[in-house]
Amino acid sequence: MDIDNISFRAFSHATENEDRVKKAVINVSKSEDLTCSKSCGYHGNPITIIETKITHARDIKDFLISLSEEDIKQLIDTIDLRVDDESFFYMRLDKQEAYLGNPMLNNGEDVISVKGKIKSYPQNRENAVASIKQTLDMILDKKNIKTQ
């Protein structure tokens, strides 16, 4: 697996049930080792920032396999937009769907932000893009084998 770790972050606003947002993060990451910190919004409204990180290759693979075939294809199609110069890979997951146990890409604001550190040698954006594309292609192939 060419991904060193994946971080998950979600905001729980004052109007949301914090336990449900925690459950959504746990559902997609499979990690119950959550870190919660308090912050304030622009108008002083309380916000809880919920974060976790997975580092084991098996957990990372399980997370990627949990994404739908369509979402993996979308990630591959938009790979150049999702990798930065520091070899980080980004995606957003729908928070409501994550709570229901259905990880799904979403570009809106009510999301769980996902950030993965790509291993590539030498480390540069071009190699990182090639590495994550190869990983996603491999996951897609495994999903296709299971459905046949």
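Before any of the text, the structure's been laid out above.
Residues numbered from 1 in each chain as written. Predicted model: local features only at pLDDT ≥ 70, side-chain atom pairs only at ≥ 80, totals over all residues. Heavy atoms only, no water.

1. Topic: the pairing of strand 3 (residues 46-54)
- Strand direction decides the pairing type here: strand 1 (residues 3-13) and strand 3, joined by 8 bridges, are antiparallel. Within the sheet, the bridge partner assigned to Ile-6 lies in strand 3 and is Ile-54.
- The pairing of strand 2 (residues 35-40) with strand 3 spans 6 bridges and is classified as antiparallel. Looking across to strand 3, one finds that Ser-37 is bridged to Ile-49. (Pairing = 2+ DSSP bridges. Helix = DSSP H or I, 4+ residues; strand = E, 2+ residues; numbered from the N terminus.)

2. Some details on unusual backbone geometry
- A cis amide bond links Tyr-121 to the next residue, Pro-122, at an omega of -10 degrees.
- Residue Lys-30 is not a glycine yet carries a positive backbone phi of 65 degrees.
- Along the chain, Lys-30 falls in the loop between helix 1 (18-29) and strand 2.
- Judged by its relative accessible area of 66%, Lys-30 is exposed.
- Residues other than glycine seldom take positive phi values, yet Ser-87 does so here, at roughly 70 degrees.
- Its location among the elements puts Ser-87 in the loop between helix 4 (79-82) and strand 4 (88-94). (Buried < 20%, exposed > 50% of the residue type's maximum accessible area, 1.4 Å probe, protein only.)

3. Some remarks on the pairing of strand 5 (residues 111-118)
- Among the 8 residues of strand 5, 6 are classified as buried, and the element is accordingly described as predominantly covered.
- The pairing of strand 1 with strand 5 spans 7 bridges and is classified as antiparallel. Looking at the pairing, Arg-9 lines up with Ser-113 of strand 5.
- Inspection of the sheet shows strand 4 paired to strand 5 by 7 bridges, in the antiparallel sense. Directly across from Arg-92, in strand 5, lies its bridge partner Ser-113.

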